[in-house]
Amino acid sequence: MASSLCEKLSLPEVLSNKTVTELRKMARGLYVKGSSSMRKQLLLNSVYAALLVSERLEELLYVIDDETWTLFQAAYKEEFISLSGQHPDNFMLLKDLCYLVQEPDSHEQIVYMTGEIKVLFSELISGGFLHRRQYYTELHTYALAAVNLYGVIAKTDFVEIYNLQNEQQTSINEVCAVLPRYIEVGAPYCFWKDYIVSIEFGENNFSDVQDLLHQIGDKPRFLPGKTDFLKYANWYFFEHTHETDAVKRYLINHLYVNEATALEILGEIHFAFVVEAGMQAAIDVLDEFGISITDSQLEPLAQLLVQMSNSTRLWSNNGHTPDEMADLMPRMVDGIRHSRKIGRNEPCPCGSGKKYKKCCGR
């Protein structure tokens with residue numbers, strides 16, 4: 001806890017120390033109308049009244065990052081707290097709006113919450129805010145996991161998955177009311193027609209979404225249990241399989257890449273496979289990292305990448321890997337399932353148009 005010698009100001013006292021320019025900036029952030037023509041005292045009073053509108057604080061607290069949320073709760077419980085290291089992402093937003101106050105003339109980075117804001121937050125807690133925030137955050141986390149694993153998901157299917165894995169039930173209307181607040185602050189997903197889709201599709205005005213839906217067709221959906229499903233909320237997550245481990249070992253032992261860089265490369269290659277960018281895109285990742293590959297290294301690496309590609313969960317397969325889809329819908333000829341190994345006379349999977357034996361299979 002910070003030193004008790006610090007003077008804790010009231011919210012009006014904190015605001016009175018602001019310049020007119022600072023107050024006008026706060027007024028714009030709090031949607032105070034007519035602030036540009038107000039004199040300081042009226043401006044101060046208007047900002048003060050706006051800060052005590054509980055709905056404004058509630059909406060802000062839904063979308064701040066976890067570290068800032070933890071800091072905000074600590075400031076609510078303690079008289080003073082000391083910051084160390086780098087500030088959380090949204091700390092300055094709360095500070096600029098005076099929901100948190102930082103001592104200006106202290107060797108320590110001392111932060112506190114004024115009594116007025118503590119009372120306001122207490123009222124939110126009494127009204128069930130903590131439960132709502134936890135619930136809305138979970139809906140957001142499910143949306144992250146869904147678009148990272150599937151690329152696109154119908155709102156009806158999203159609701160069905162959530163309700164299947166949770167006691168508290170949701171609805172399309174609730175999802176459409178809750179998720180936009182996260183979309184507005186930069187969530188990597190958005191709504192498109194009756195779907196929740198990866199923001200990646202926005203780069204070409206969502207023209208590829210319909211193509212992906214056509215590729216998915218009536219393929220069964222891969223759906224792990226809740227704990228494993230929510231791992232996909234992290235964009236950098238991918239399953240570590242025998243195939244990914246084999247590629248990683250090759251990068252470290254034959255291309256002399258350190259483990260941290262190897263994992264970063266694997267993540268980039270994984271996403272290239274998820275969206276089926278082609279084998280050449282995977283090879284290009286190595287070039288982007290400044291890694292040169294000799295002709296003798298290309299063939300064994302290409303074979304490992306093909307195996308990794310076949311064990312990667314694809315958007316077009318509704319989250320299943322190509323190998324899993326082969327098991328679910330095997331291609332049978334004379335009762336024999338064909339191997340997924342690439343023939344030397346087949347087109348190269350890198351997309352060059354050459355035969356495999358004349359390209360990556362050299």
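Computed from a predicted structure; not experimentally measured.

1. Observations concerning the overall build of the chain
- Helix and strand counts for the chain stand at 17 helices and eight strands.
- For the chain, the proportion of its 362 residues judged to be buried stands at 44%.
- By sequence separation, contacts in the chain at least 24 residues apart represent 60% of the contacts at least 6 residues apart.
- Surface accessibility of the chain: about 19400 Å² in total, with carbon and sulfur atoms responsible for 50%.

2. Side note on the pairing of strand E6 (residues 195-198)
- One ladder, built from three bridges, connects strand E4 (residues 152-154) with E6; its direction is antiparallel. Within E6, the residue paired with Val152 across the bridge is Val197.
- Counting the residues that bridge the hairpin from strand E5 (residues 189-192) to E6 gives two residues, and of these Lys193 lies at a positive phi of roughly 55°.

3. Description of helix H10 (residues 172-183)
- Its twelve residues give H10 an end-to-end C-alpha distance of 16 Å, which sits within 8% of 16 Å, the value for a rise of 1.5 Å per residue.
- Listed in full, the buried residues belonging to H10 are Val175, Val178, Leu179, Arg181 and Tyr182. Buried residues of H10, viewed axially, fall in a sector of 145°; they line one side.
- Turning to H10, the residues buried within the fold contact helix H4 (54-63), helix H8 (129-150), helix H9 (155-165), E5 and E6.

4. Observations concerning empty space enclosed by the protein
- Under the defined criterion, the tally for this structure stands at one cavity of 30 Å³ or more.
- Here the largest cavity is characterised by a volume of approximately 100 Å³.
- Lining the largest cavity are Tyr232, Phe238, Glu239, Thr241, Thr244, His270, Met308, Ser311, Thr312 and Arg313.

5. Overview of the pattern of salt bridges
- Summed over all chains, the structure comprises nine salt bridges.
- As a salt-bridge pair, Lys248 and Glu259 come within 3.0 Å of each other at their nearest N and O atoms. Taken together, the residues Lys248 in helix H13 (residues 242-253) and Glu259 in helix H14 (residues 259-274) connect sequence positions eleven residues apart.
- Its salt-bridge partner being Arg313, residue Glu324 comes within 2.7 Å of it at the nearest N-O pair.

6. Describing the packing of aromatic side chains
- For the structure on display, the rule yields 20 aromatic pairs.
- Ring centres 5.2 Å apart and planes at 85° place the aromatic pair Trp235 and Tyr236 in the edge-to-face group.
- When its relative accessible area of 36% is taken as the criterion, Trp235 is described as partly exposed.
- Among the residues examined, Tyr236 registers a relative accessible area of 65% and is labelled exposed.
- Of note, Lys155 hangs over the ring of Phe191, and the distance from its end group to the ring centre comes to 4.4 Å.
- The residue whose ring lies beneath Arg221 is Tyr150, and the NZ or CZ to ring-centre distance is 4.5 Å.

7. Here's the deal with the nonpolar core
- Counting 69 residues, the largest nonpolar core has Leu15, Leu51, Phe72, Tyr99, Leu100, Phe158 and Tyr189 as its most contacted members.
- Among the elements that take part in this core, H8 stands out by supplying twelve residues, more than any other.
- Once residues within four sequence positions are removed from consideration, Leu51 is found in contact with Leu11, Leu15, Met26, Leu30, Leu97, Cys98, Tyr99, Ile117 and Leu120.

8. Digging into the layout of surface pockets
- As a volume, the largest pocket reaches approximately 780 Å³.
- Glu59, Leu60, Val63, Ile64 and Val185 are the residues nearest the centre of the largest pocket, which is lined by 27 residues in total.
- Elements supplying a minimum of two residues to the lining of the largest pocket: H4, H8 and H10.
- With six residues, H4 is the single largest residue contributor to the lining of the largest pocket.
- Every residue lining the second largest pocket is counted, 22 residues in all, and those nearest its centre are Val14, Lys18, Lys95, Asp96 and Cys98.
- Within the residue set of the lining of the second largest pocket, elements represented by two or more residues are helix H2 (20-29), helix H6 (91-96) and strand E2 (101-102).

9. Side note on the packing of H13 against helix H16 (residues 295-310)
- It is the contact of H13 with H16, at a shortest axis distance of 8 Å, that shows an interaxial angle of 155°. On the basis of their axis angle, the class for H13 and H16 is roughly antiparallel. In terms of crossing hand, the pair formed by H13 and H16 is left-handed. In contact with Glu243, Thr244, Ala246, Val247 and Tyr250 of H13, H16 contributes Gln297, Pro300, Leu301, Leu304, Leu305, Gln307 and Met308.
- Looking at the contact of H13 with H16 residue by residue, the class counts come to eight nonpolar, three polar and one charged.

10. Describing the environment of His214
- Looking at the secondary structure, you find His214 in helix H11 (residues 209-216).
- Distance from His214 to Ser316, taken between C-alpha atoms, is 8.6 Å for residues 102 residues apart in sequence.

11. Focus on a negative patch on the surface
- There is a patch of like negative charges on the surface, built from Glu264, Glu268, Asp284, Asp287 and Glu288.
- Counting only elements with at least two residues in the negative patch, the list comes to H14 and helix H15 (279-288).
- Top contributing element to the negative patch by residue count: H15, with three residues.
- Relative to the assigned elements, Glu268 resides in helix H14.
- A residue is classified by how much of its surface remains accessible, and Glu268, at 33% relative accessible area, is partly exposed.

Conventions we followed
Residues numbered from 1 in each chain as written. Predicted model: local features only at pLDDT ≥ 70, side-chain atom pairs only at ≥ 80, totals over all residues. Heavy atoms only, no water. Helix = DSSP H or I, 4+ residues; strand = E, 2+ residues; numbered from the N terminus. Buried < 20%, exposed > 50% of the residue type's maximum accessible area, 1.4 Å probe, protein only. Contact = heavy atoms within 4.5 Å. Areas by Shrake-Rupley, 256 points an atom, 1.4 Å probe, with all protein chains shown as cover. Pairing = 2+ DSSP bridges. Expected span 1.5 Å × (residues − 1). Arc of directions from axis to C-beta. 1 Å grid on protein atoms, 1.4 Å probe; cavity = no way out; pocket = protein on both sides within 12 Å on 5 of 7 lines; lining within 4 Å. Points joined across faces, edges and corners; volume = space filled by probe spheres on them. Salt bridge = Lys/Arg side-chain N within 4 Å of Asp/Glu carboxyl O. Phe/Tyr/Trp six-rings, centres within 6.5 Å; stacked < 30°, edge-to-face > 60°. Lys NZ or Arg CZ within 6 Å of the ring centre and 35° of its normal. Core = buried A, V, L, I, M, F, W, Y, C linked by side-chain atoms within 4.5 Å. Axes fitted to C-alpha atoms, helices over the stretch in contact; angles between N-to-C directions. Parallel < 35°, antiparallel > 145°, perpendicular 65-115°, else oblique. Left-handed = near helix turned anticlockwise from the far one by under 90°. Nonpolar A, V, L, I, M, F, W, Y, C, P; charged D, E, K, R; others polar. Patch = residues over 30% accessible without salt bridge, like charges linked within 9 Å, V, L, I, M, F, W, Y side chains within 5 Å. Lys, Arg positive; Asp, Glu negative; His and termini not counted. Charge placed at Lys NZ, Arg CZ, Asp CG, Glu CD.

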